[in-house]
Number of protein chains: 2
Amino acid sequence: MKSTPEALYAGIKSGDNTALSEGITLIESYLPEHRALANELVQKCLPLSGNSIRIGITGVPGVGKSTFIEHFGGLFSVDDGKVAVLAVDPSSAVSRGSILGDKTRMNDLAVNSNVFIRPSPAGNTLGGVARKTRESIILCEAAGYTTILVETVGVGQSEVMVKSMVDFFLLLMLSGAGDELQGIKKGIMEMADALVITKADGDNIKKASVAAREYKNALHLFPPNPNNWIPSVFTCSALSGKNMEEALKTIRSFENHVKVNGHFEKNRREQDKRWLSETLKELILSGFFANAELLEKLKLNEQRVIDGGISSFQAAEELYEAYQHGRNI
Amino acid sequence: MKSTPEALYAGIKSGDNTALSEGITLIESYLPEHRALANELVQKCLPLSGNSIRIGITGVPGVGKSTFIEHFGGLFSVDDGKVAVLAVDPSSAVSRGSILGDKTRMNDLAVNSNVFIRPSPAGNTLGGVARKTRESIILCEAAGYTTILVETVGVGQSEVMVKSMVDFFLLLMLSGAGDELQGIKKGIMEMADALVITKADGDNIKKASVAAREYKNALHLFPPNPNNWIPSVFTCSALSGKNMEEALKTIRSFENHVKVNGHFEKNRREQDKRWLSETLKELILSGFFANAELLEKLKLNEQRVIDGGISSFQAAEELYEAYQHGRNI
């Protein structure tokens with residue numbers, strides 16, 4: 001690392017994107033000696049953070065996330081100052097950044113000086129990726145970005161993670177329920193504050209409208225959100241620009257709704273508490289789950305449970321004893 | 001405890017309901033000296049367990065769970081041998097058994113010699129109640145009960161717990177979406193293998209049918225279950241007896257479906273592994289969360305996070321250090 005946390009902080013505070021990039025690189029580093037520096041930097045930036053709307057955007061591959069963000073992010077950067085686009089992709093632990101890795105997919109945004117784009121950090125664990133993303137949000141906010149878009153793929157756990165770090169969760173969907181839906185895991189749809197049917201252009205317009213109406217009807221059957229926001233459902237086309245403004249208006253209307261009813265702050269406080277609790281649990285559990293010998297015993301006991309030789313609870317108690325006393329089981 | 005685990009086991013094995021009751025009382029006991037005896041009993045019964053269909057039944061208060069179970073359980077006991085009805089109600093930690101506490105609500109079932117009814121165990125934690133219920137299932141199966149009905153209230157976490165210990169999950173709902181839905185938490189509906197609109201009698205028949213159709217339409221928009229079972233939706237009336245047979249047929253058809261595609265066994269194995277893992281994690285975490293001093297520090301750090309003085313991650317790390325070294329933070 002060339003720069004000290006102090007220097008990075010000064011740069012970030014003054015809105016220097018090079019310092020911001022370098023700061024995020026520090027956060028993403030696996031070198032143990034970088035961790036303390038990263039903590040120091042996050043700690044410094046923390047008082048400047050929070051003044052933004054954090055928007056999660058998800059959808060299965062092929063739904064058109066990049067194209068949507070390209071247009072959508074552009075709208076924000078015209079009206080509302082600076083936009084940061086971050087990506088979360090747990091699968092990139094292997095591929096090192098499969099989404100947003102190619103900035104050329106977002107030509108206009110990438111050259112917009114009000115927009116900061118950061119590809120997905122590689123991480124060994126979902127928890128690791130989560131932390132890096134959360135801390136990157138803090139740095140971006142400290143750098144004056146007032147809209148944070150967090151992109152992720154619609155394939156499961158990463159949505160739950162992103163949902164727990166954003167104010168607004170937007171789900172992009174293809175029209176034509178059926179095969180395309182397979183990629184979306186159960187529970188994701190219920191987390192959405194807006195459900196947007198993409199590619200509503202050309203021959204697809206009618207199909208998209210039908211899908212939107214069906215989802216609208218379906219959603220009212222489902223339990224209300226704790227924020228009392230009725231999820232918006234509409235079609236859009238990044239190609240024709242149709243309803244892209246609608247998406248922006250929806251966010252603004254949501255922001256007003258949850259700021260008035262107090263849920264905006266309440267949600268952020270709950271998220272903070274949850275992250276504290278989750279991180280703490282992860283640290284405590286690592287005492288067991290980072291121990292190869294205990295993991296071996298866990299595997300053995302799993303097999304014993306499956307073979308019906310021992311109950312799940314008995315097996316857990318034996319493992320816990322081994323963990324506590326370092327004894328053999 | 002009057003009887004030894006050996007004596008209880010012999011009684012349970014021979015189908016003696018008094019021994020079964022006494023065995024479950026042993027499992028539910030809070031006396032530390034009973035735990036080892038209970039473990040021994042469960043361990044003995046384990047090889048005889050598993051040969052049953054485990055059915056979870058949930059719905060908000062007022063949906064008619066007891067009446068449904070009264071009729072439904074009766075059907076099973078005619079065709080398919082012995083039925084055990086267990087209840088899970090985490091709220092009863094205080095009230096000591098608010099559901100199924102009053103056996104008189106199930107007059108016919110209560111006097112049916114093929115039916116065993118057991119009120120909700122009181123427990124301090126959801127985990128404790130879960131364990132007691134899981135172990136009670138093992139005892140009931142060892143006693144020859146081939147249908148296990150696990151009743152719970154439709155108010156949140158207890159469903160997730162029950163879902164993870166049953167083969168089939170049935171959600172009872174009232175017609176007239178709206179206010180009645182408020183009690184059902186998000187995600188519960190997506191867990192259901194069957195969605196049954198109750199009280200479809202008298203003036204209510206049409207409303208119930210409309211509701212059933214709406215849910216049917218809505219469900220096809222949602223992602224498929226891992227067991228490839230399309231959730232059944234129908235109306236029923238415990239009063240007129242309408243479709244009660246349908247419910248039984250649905251279960252039989254489901255059983256056939258998941259036994260053929262292998263999901264029945266797969267699901268049970270996954271449940272066993274999950275219970276092992278959950279119990280183990282609970283035990284490990286209790287080292288922190290049962291420590292009053294550390295909990296006090298956790299509260300303090302939560303406040304510091306909310307006040308923006310420290311990041312969630314930093315707060316978690318400090319707590320972990322305190323936990324590890326017994327140092328002050």
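Residues numbered from 1 in each chain as written. Chains lettered and ligands numbered in written order. Predicted model: local features only at pLDDT ≥ 70, side-chain atom pairs only at ≥ 80, totals over all residues.

Quick word on the domain arrangement of chain A
Residues and elements named next belong to chain A. For chain A, the domain assignment lists domain 1 (1-47), domain 2 (49-261) and domain 3 (277-325). Contact residues are listed per partner, giving 12 residues for domain 1 and 13 residues for domain 2. Among the elements of the structure, α1 (5-13), α2 (17-28) and α3 (32-45) are those that each provide at least two residues to the side of domain 1 that touches domain 2. Its residues assigned to classes, the side of domain 1 that touches domain 2 shows seven nonpolar, three polar and two charged. (Domains from an automatic or database assignment. Contact = placed C-beta atoms within 7 Å. Helix = DSSP H or I, 4+ residues; strand = E, 2+ residues; numbered from the N terminus. Nonpolar A, V, L, I, M, F, W, Y, C, P; charged D, E, K, R; others polar.)

Describing the packing of helix α13 (residues 292-306) of chain A against helix α12 (residues 263-289) of chain B
Two elements in contact, α13 of chain A and α12 of chain B, have axes whose closest approach is 9 Å; the angle formed by their N-to-C orientations is 135°. As judged from the angle between their axes, α13 of chain A and α12 of chain B are oblique. Here the hand of the crossing between α13 of chain A and α12 of chain B comes out right-handed. Each of Asn 301, Glu 302, Val 305 and Ile 306 of chain A in α13 of chain A lies in contact with α12 of chain B, whose residues at this interface are Arg 269, Asp 272, Lys 273 and Leu 276 of chain B. (Axes fitted to C-alpha atoms, helices over the stretch in contact; angles between N-to-C directions. Parallel < 35°, antiparallel > 145°, perpendicular 65-115°, else oblique. Left-handed = near helix turned anticlockwise from the far one by under 90°.)

Quick look at the pairing of strand β6 (residues 194-197) of chain B
Residues and elements named next belong to chain B. Along β6, one buried face is formed by Ala 194 and Val 196 and the opposite face, lined by Leu 195 and Ile 197, is buried too. Of the pairings in the sheet, the one linking strand β5 (residues 168-173) to β6 comprises four bridges and is parallel in character. Paired with Met 173 across the strands is Ile 197, a residue of β6. Bridge count between β6 and strand β7 (residues 232-235): four bridges; the pairing is parallel. Within the sheet, the bridge partner assigned to Ile 197 lies in β7 and is Thr 235. Crossover handedness for the path β6 to helix α10 (residues 205-219) to β7: right-handed. (Buried ≥ 20, exposed ≤ 12 C-beta atoms within 10 Å, placed from the backbone. Pairing = 2+ DSSP bridges. Right-handed = clockwise from strand over helix to strand, strands pointing away.)

Here we look at the sheet that holds strand β4 (residues 147-153) of chain A
Residues and elements named next belong to chain A. Ordered by their spatial adjacency, seven strands build an open sheet running β3-β2-β4-β1-β5-β6-β7, and the pairing between neighbours is parallel. The sheet terminates laterally at β3 (115-118) and β7 (232-235), the two strands that pair on one side only. Looking at each pair of strands side by side, their axes are set apart by 20° on average, direction ignored. Each of β1 (53-59), β5 (168-173), β6 (194-197) and β7 touches helix α11 (residues 244-260); the most contacted strand, β1, lies at about 130° to it.

Section: α13 of chain A
Three- or four-residue spacings in an α-helix give side chains the same orientation, since the helix completes a turn every 3.6 residues. In this model, α13 of chain A (15 residues) spans 21 Å end to end at C-alpha, consistent with the 21 Å of a helix rising 1.5 Å per residue. Within α13 of chain A the residues assigned to the buried category are Leu 298, Asn 301 and Val 305 of chain A. Buried positions in α13 of chain A, seen along its axis, are confined to an arc of 70° and lie on one side of it. Facing away from the buried surface of α13 of chain A by more than 90 degrees, the exposed residues are Ala 292, Glu 293, Glu 296 and Lys 299 of chain A. Buried positions along α13 of chain A lie against α14 (312-325) of chain A together with α12 of chain B. Of the residues trailing α13 of chain A, Gly 308 of chain A is marked for its positive phi of about 80°. (Expected span 1.5 Å × (residues − 1). Arc of directions from axis to C-beta.)

A few points about the relation of the copies chain A and chain B
It takes a turn of 180° to lay chain A on chain B, together with a shift of 0.1 Å along the axis; the resulting RMSD is 0.1 Å. Taken together, the rotation angle and the small translation identify this as a two-fold axis. No C-alpha of chain A approaches the rotation axis more nearly than that of Ala 218 of chain A, which lies at 2.4 Å. (Least-squares fit on C-alpha atoms with pLDDT ≥ 70 in both.)

Digging into unusual backbone geometry
Phi at Asn 243 of chain A is positive, roughly 65°, even though this residue is not glycine. With respect to the helices, strands and loops of the structure, Asn 243 of chain A is situated in the loop between β7 and α11.

Here we look at the confidence of the model for chain A
Low pLDDT marks regions whose predicted coordinates should not be analysed in detail. Residues and elements named next belong to chain A. Per-residue confidence for chain A gives a mean pLDDT of 85; residues scoring 70 or more make up 87%. Here helix α5 (residues 92-95) is the element of chain A with the lowest mean pLDDT, 46, and α1 is the one with the highest, 97. Scored as a whole, the predicted complex attains pTM 0.82, and scored at its interfaces, ipTM 0.82. (pLDDT = per-residue confidence, 0-100.)

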